[in-house]
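Chain residues, written in single-letter form:
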There are 2 protein chains.
Amino acid sequence: MKAEHVNPFINATINVISTMAFIKPVPGKPFLKKDNKATGDVSAIVGMTGPSHATLSISFQKKAILAIVSSMFGETVDSLTDDVSEAAGELANMISGQARRDLEAMGVIYEGAIPSVASGEGHELKHITDGPKIAVPFTIADSTFTMELSFES
Amino acid sequence: MKAEHVNPFINATINVISTMAFIKPVPGKPFLKKDNKATGDVSAIVGMTGPSHATLSISFQKKAILAIVSSMFGETVDSLTDDVSEAAGELANMISGQARRDLEAMGVIYEGAIPSVASGEGHELKHITDGPKIAVPFTIADSTFTMELSFES
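Just so you know, these numbers come straight off a predicted model, no measurement behind them.

K.L.:
Sorry if this is basic, but what is going on with the environment of Phe22 of chain B here?
P.N.:
Residue and element names in this part refer to chain B. Structurally, the position occupied by Phe22 is in the loop between α1 (7-21) and β1 (26-27). By relative accessible area, which is 64% here, Phe22 ends up exposed. Residues Phe22 and Ser71 lie 49 residues apart in sequence; the distance between their C-alpha atoms is 7.0 Å. Beyond its immediate chain neighbours, meaning those up to four positions away, Phe22 contacts Ile17 and Ser71.

The structure is reproduced here in structure tokens:
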């Protein structure tokens, strides 16, 4: 995976969340992470294997995932329930799937593992690789989430 | 992946932690999880792809990972630092690698993604699949950790 392969993940994040939750997240500038940590309240993680090993993660602030899930479910969800974790995992799975289909059209084939979701206010998430870690902050109403793509160089 | 493929992961967990930390974890009886959650203070996650999609996770109680890491580093570590997360990720990577080599000898080929580590006291971890989730509790001195293997049926 290369830096130019990040765009399909940005587009898929916008498309999937817009389609599923009728909320269009606004991407900020992607940046190469110097430190190794993301902080979030709910983090969805999808391991990927292909030309290089990789991991997609999306770390949501509580407010961001609750806004998304409330909109998806059509009712106010105000705490980090199992359904919220499940929805975050499904979103990450769909984002990974859509991005991987776009990469496949570019001749780059990745497979995705089973998504995992860590839920706990203010947890930290690290990806263990010496390769690049690219982070893309997204804004949604008055909160944020961060999509991260780590891959072996 | 099938239920009988769990044994290489149990053996690898014992071997890697015994070798790296000079502490031999004692496995309890594997069980099929009915609910969908693990609770831990540090959880290492390795996505895997192959004949079916899968995920390995190891959720450590704080006391368990601090005992392991203190023994690995040869000095007392008493809080969940970045080095602790890094070590948990490396252990999971080695466990996944050793188990996958054993599976390969049985003709079952899996690849592993980049490991991710969630750190935060009392977080929950869920794997998003309808397939089986097999959990193996391990005891180490007076604390525990749980190895989980989720895979598509």
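Here the narrative resumes.
K.L.:
Looking at this model, I keep getting lost on helix α2 (residues 62-73) of chain B. Mind explaining?
P.N.:
Helical geometry note: an α-helix holds 3.6 residues per turn, so side chains three or four residues apart project in the same direction. Residues and elements named next belong to chain B. Taking 1.5 Å of rise per residue, the twelve residues of α2 would be expected to cover 16 Å, and the 16 Å separating its terminal C-alpha atoms lies within 8% of that figure. Along α2, the positions that sit buried rather than exposed are Ala64, Ile65, Leu66, Ile68, Val69 and Ser70. Tucked into the core, α2 has its buried residues touching α1, β3 (37-49), β4 (54-60), α3 (82-105), β7 (133-140) and β8 (143-151).

K.L.:
I tried to follow the interface of chain A and chain B on my own but got confused; where do I start?
P.N.:
Quite often, the size of an interface is put as the accessible area lost when its parts meet. Across the contact, 34 residues belong to chain A and 34 residues belong to chain B. Both faces considered, chain A and chain B share a buried interface measuring about 2,700 Å² in area, 54% of it formed by carbon and sulfur atoms. Its largest share of buried area at the contact with chain B, chain A owes to Ile114, Lys126 and Ile128 of chain A, together 28% of the area lost on that side. Between the two partners, chain A and chain B, sit four salt bridges. Linking Lys126 of chain A and Glu86 of chain B is a salt bridge whose minimum nitrogen-to-oxygen distance equals 3.6 Å.

K.L.:
I keep staring at the relation of the copies chain A and chain B and nothing clicks. Help me out?
P.N.:
Mapping chain A onto chain B calls for a rotation angle of 180 degrees and an axial translation of 0.0 Å; the resulting RMSD is 0.0 Å. The transformation just described matches what one would write down for a two-fold rotation axis. When C-alpha positions in chain A are compared against the rotation axis, the closest is assigned to Gly47 of chain A, at 2.2 Å. A high fraction, 100%, of the interface residues of chain A reappear at the interface in chain B, so the copies pair face to face through one surface.

K.L.:
What exactly am I supposed to notice about the packing of helix α1 (residues 7-21) of chain A against helix α3 (residues 82-105) of chain A here?
P.N.:
Geometrically, a packed helix pair is captured by the angle between its two axes and the distance between the axes. Residues and elements named next belong to chain A. Put simply, α1 and α3 touch, their axes get as near as 8 Å, and they point 135 degrees apart. The orientation of α1 with respect to α3, classified from their angle, is oblique. Considering how the two elements wind past one another, α1 and α3 form a crossing that is right-handed. Across the interface between the two elements, Pro8, Phe9, Asn11, Ala12, Thr13, Asn15, Val16 and Met20 from α1 touch Leu91, Met94, Ile95, Ser96, Gln98, Ala99, Asp102 and Leu103 from α3.

K.L.:
I tried to follow the environment of Val42 of chain B on my own but got confused; where do I start?
P.N.:
All names here are of chain B. Tracing the sequence through the fold places Val42 in strand β3. Among the residues examined, Val42 registers a relative accessible area of 0% and is labelled buried. Separated by 111 residues in sequence, Val42 and Ser153 have C-alpha atoms that sit 27 Å apart. For Val42, the contacting residues outside a window of four places in its chain are Ile58, Ser59, Phe60, Ile65, Leu80, Ala88, Val117, Ala118, Ser119 and His123.

K.L.:
Honestly, the pattern of salt bridges in this entry has me stumped. Any pointers?
P.N.:
Where side chains of opposite charge bring their charged atoms close, a pairing between them can arise. Inspection of every chain in the model, using the stated rule, returns ten salt bridges over all chains. Put simply, Lys63 of chain B and Asp142 of chain B hold a salt bridge, and the shortest N to O gap is 2.9 Å. Of this pair, Lys63 of chain B sits in helix α2 while Asp142 of chain B sits in the loop between β7 and β8, placing them 79 residues apart in sequence. Beyond isolated ion pairs, a larger network of salt bridges with shared partners links Asp82 and Glu86 of chain A together with Lys126 of chain B.

Cut-offs applied
- Residues numbered from 1 in each chain as written.
- Chains lettered and ligands numbered in written order.
- Predicted model: local features only at pLDDT ≥ 70, side-chain atom pairs only at ≥ 80, totals over all residues.
- Heavy atoms only, no water.
- Helix = DSSP H or I, 4+ residues; strand = E, 2+ residues; numbered from the N terminus.
- Buried < 20%, exposed > 50% of the residue type's maximum accessible area, 1.4 Å probe, protein only.
- Contact = heavy atoms within 4.5 Å.
- Expected span 1.5 Å × (residues − 1).
- Buried area = accessible area lost by both parts, 1.4 Å probe.
- Salt bridge = Lys/Arg side-chain N within 4 Å of Asp/Glu carboxyl O.
- Least-squares fit on C-alpha atoms with pLDDT ≥ 70 in both.
- Axes fitted to C-alpha atoms, helices over the stretch in contact; angles between N-to-C directions.
- Parallel < 35°, antiparallel > 145°, perpendicular 65-115°, else oblique.
- Left-handed = near helix turned anticlockwise from the far one by under 90°.

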